[in-house]
Amino acid sequence: NPDVVGVQEAQQSRPRGFNLSQFDDLVRALAQTGADYRVTDRAIGASKGTRILYKPSTMTLLKTGAIRYSRQSGGATSRYAAWAILRQRSTGREMVFFSTHLEPKSYSVRLAQSRQLAASIAGIAGKRPVVAVGDFNASQFHYYAVHQAMTGAGLVDPLGVQQRSKVPAKGATAEKRINTNFDSYNDYRRRASRGTSNPQGNGVYIDYIFTSPMRVVEYEQLLRIDGNGNFRGVIPSDHNMLRADVVLPD
């Protein structure tokens, strides 16, 4: 029941006979469970399938927009970052939330996109705290420079993912870890991939939650698995959902 959700590949197409985009259908499905969410920008073409959902009962939407990356791969899906300025109703504190999905096929394009995102975050957020999430298509073992582009701009990876390592950096800010030792990409395999047996370690991550400096009370990789490590029921995505409880600074 998170306050804000970043989604990727939630398609904007509306199939004939089913006049809903995938992100609108997700909002409708959530409403059927009693969870009321809104999409920050429902316009076709706003940010393709990269979108942000929020709970109007806990967050007020102040402003929204999107970045179409200047570097794209020819003939491939256009890549975007969606952003929203939100105010937390309980405290009156504002934040800027980003959701993105970087180019998977070209490393040079992906790196350029990460650098543009890092620069754009600084320009849009100003002094507001930031949470930036998404599929960055770069792990600590392949293309770690994408991670460095984000942290080099002053953002924090709460898990402290280090290059070529499954051991968290000493400065990792996540106070409580749940399933963080699993790999974030599951490839629809029935068995969840446990990157390391150390429950305080890091699996292989291509998906991230970056924050500006703030308290991160809990960080969870959401897994519905049995005692043998097999997924229960339908696997909803080829990536595992990441969740963090953060405390917005004054």
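Thresholds, definitions, all that
- One numbering rule holds for all chains: residues counted from 1, following each sequence as written.
- Given that the model is predicted, a residue must reach a pLDDT of at least 70 before its local features are reported, and side-chain atom pairs must reach 80 or more before they are shown or counted; all residues, however, enter totals for whole chains, interfaces and linings.
- The basis for every side-chain value is the complete set of heavy atoms in the structure, and neither hydrogens nor water enter the calculation.
- Helix and strand definitions follow DSSP, with helices as H or I runs of at least four residues and strands as E runs of at least two, each counted in order from the N terminus.
- Should any heavy atoms of two residues lie within 4.5 Å, those residues are considered in contact.
- The salt bridge criterion pairs a side-chain nitrogen of Lys or Arg with a carboxyl oxygen of Asp or Glu, the two atoms within 4 Å.
- Any residue under 20% of the maximum accessible area for its type is buried, any over 50% is exposed, and the rest in between are partly exposed; the area is computed with a 1.4 Å probe on protein chains only.
- Should DSSP find at least two bridges between two strands, the strands are taken to pair.
- The convention used is that axes are lines fitted to C-alpha atoms, helices contributing only their stretch in contact, and that angles between N-to-C directions extend from 0 to 180 degrees.

Draft legend 1. Here's a closer look at the side chain of Thr180. Inspection of the secondary structure puts Thr180 in the loop between strand S8 (177–178) and strand S9 (207–211). The residues contacting Thr180, other than those within four sequence positions of it, are Leu159, Pro199, Gly201, Asn202, Gly203, Tyr205, Tyr219 and Gln221.

Draft legend 2. Inspection of the pattern of salt bridges at higher detail. Considering all chains together, one arrives at 14 salt bridges under this definition. For Glu94, the salt bridge goes to Arg87, with nearest N and O atoms at 3.2 Å. Asp187 is the partner of Arg189 in a salt bridge, and the nearest nitrogen-oxygen pair spans 3.3 Å. Of the residues examined, Asp187 reaches a relative accessible area of 31% and is grouped as partly exposed. Taken together, the salt bridges that share partners define one network made up of Lys176, Glu218, Glu220, Arg243 and Asp245.

Draft legend 3. Just the sheet that holds strand S4 (residues 59–68), in detail. Taken in spatial order, the 5 strands make up an open sheet running S4-S5-S6-S7-S9, and their pairing is mixed. Each having just a single partner strand, S4 and S9 make up the two edges of the open sheet. Neighbour-to-neighbour, the strand axes of this sheet turn through a mean angle of 15°, independent of strand direction. Across 9 bridges, the pairing between S4 and strand S5 (residues 80–88) is antiparallel. Paired with Ile67 across the strands is Ala81, a residue of S5. Here helix H2 (residues 107–125) sits on the sheet and contacts S4, S5, strand S6 (94–101) and strand S7 (130–135); the angle it forms with S6, its principal contact strand, is near 160°.

Draft legend 4. Structural view of the sheet that holds strand S10 (residues 215–222). Across the sheet, which stays open at both edges, the 3 strands sit in the order S8-S10-S11 with mixed pairing between neighbours. Of all strands in the sheet, those bounded by a partner on one side alone are S8 and strand S11 (241–247). Sheet analysis places S8 next to S10, joined by 2 bridges and oriented parallel. Counterpart to Ile178 in the pairing with S10 is Glu220.

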